[in-house]
Amino acid sequence: MNIFKQRYKEMGEDIEFIKLRKAIRVNTKKISPEELQKRLEKKQVEMQRIPFVKNGFWVKAKFNLVSTPEYLLGLFYFQEAAAQIPVEILNPKVLTLDCCAAPGGKTTQIAEYASVIAIESDRERFVALENNIERLGTTNAILYLMDLRDVEKKFSSILLDAPCSGNYMLEDFWMKKNSLKRINERAEKQKELMAHALSLLEKDGTLVYSTCSLEPEENELVIQFALDHFPVKVEKIDCIGDKGLTNIFGRKLDSSLVYCRRLWPHKTNTIGFFIARLKKC
C-alpha cells in the first residue's frame, strides 16, 4: 500500500478523488455578488453560491472566463472554495500582515476587510501578486519583496497561509512524487515561519494558520509546536471540516487541537485543507 494511503488509513480516512468545481470569489470592493451573478448569467455562465463562504460561487462556462470583461475589470478572482475560508476565520478589522502572500488571493480578500501588508520572498511569485493587486484595484495593500523572517513590525492580526506540500487533489501522481522526507522538510520551514509570525503578534492578537496539506506534520504538529513554545491558545472556529487530530501515529497532542479544522476532499468537495486560529495570551 502507498505510504500516504496507509497514513490516511491510520487517521481514519480513505483516499477518494473527486471532480473539483471551478470556484471564484467576488471582489466586493467593485461589485456585489448579486450583480456579478446577473452579469455572468447573461453570458450563460452557470453559477451556484458556495454555501460555506460569503462571496464565493462555483462556476461553469463553455468558454474561458479569463476572456470576459468582468475578469479583466477585476470583478472576481479565481480562488478554490477552501482557500476562501481562512480570511473569513481571521475576520480582520485592523491592519493585517499576510505572511506568504503570492499570488494574492487572500491578500485581496483581506483588503475587503482592512488594510494589509503583504510579504512575499519569491520574485516570480511577487510579480503575480503585483498583477492581481492591480487587476482587482486593491488600493489599501502595501507589498514587500522580502523574507517574513526579516519583518520586525508588530501586528494584532496575522494570516500565515504557509507554503506546504500540497495534497493529492492538486497535482497528478502527488502520492508518488512526495516523500516523508519532503514533508518533514516543509514542516521545519513552517515552524520557522510560525515562530517568527508569533513573535510579531501582539498580546491578545489573532493569527490564522492554514495549509493545503493533509499531513499532520505540516498541520497539527505545527500548532502543537506553537503551543509548546509560545503563550498562545487554539480558538474554536466555525467552518466546514473535521476536528483536528489529537492523537497522531501514537503521539498524544493538546486536547484543544480539536478546535482546528481539516478538510478532506471527499467530505467537503474541496481540495484538502487545514485551518487553525491562535490567540496570543
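Predicted, not measured: the structure shown is a model, and the values here were computed from it. (Residues numbered from 1 in each chain as written. Predicted model: local features only at pLDDT ≥ 70, side-chain atom pairs only at ≥ 80, totals over all residues. Heavy atoms only, no water.)

Enquirer: I keep staring at the pairing of strand E8 (residues 155–161) and nothing clicks. Help me out?
Expert: Both faces of the sheet carry side chains from a regular strand, because those side chains alternate between them. With respect to burial, E8 is a largely interior element, six of its seven residues being buried. For strand E5 (residues 96–98) and E8, the ladder comprises two bridges, and the chain directions are parallel. By the bridge assignment for E8, aspartate 98 is matched with leucine 159. Note that E8 and strand E9 (residues 201–211) share six bridges and pair parallel. By the bridge assignment for E9, leucine 159 is matched with valine 208. (Buried < 20%, exposed > 50% of the residue type's maximum accessible area, 1.4 Å probe, protein only. Helix = DSSP H or I, 4+ residues; strand = E, 2+ residues; numbered from the N terminus. Pairing = 2+ DSSP bridges.)

Enquirer: Hey, could you run me through the packing of helix H8 (residues 180–200) against helix H9 (residues 220–229) in this one?
Expert: Between two packed helices, what matters for the description is the angle formed by their axes and the separation of those axes. Where H8 contacts H9, the two axes come as close as 10 Å, and the packing angle between them is 40 degrees. Put simply, H8 runs oblique to H9. Seen from above, H8 lies across H9 with right-handed handedness. Between H8 and H9, the contacting residues are Ala187, Gln190, Lys191, Met194, Ala195 and Leu198 on the first element and Leu221, Val222, Ile223, Phe225 and Ala226 on the second. The residue makeup of the contact of H8 with H9, split by class, is nine nonpolar, one polar and one charged. (Axes fitted to C-alpha atoms, helices over the stretch in contact; angles between N-to-C directions. Parallel < 35°, antiparallel > 145°, perpendicular 65-115°, else oblique. Left-handed = near helix turned anticlockwise from the far one by under 90°. Contact = heavy atoms within 4.5 Å. Nonpolar A, V, L, I, M, F, W, Y, C, P; charged D, E, K, R; others polar.)

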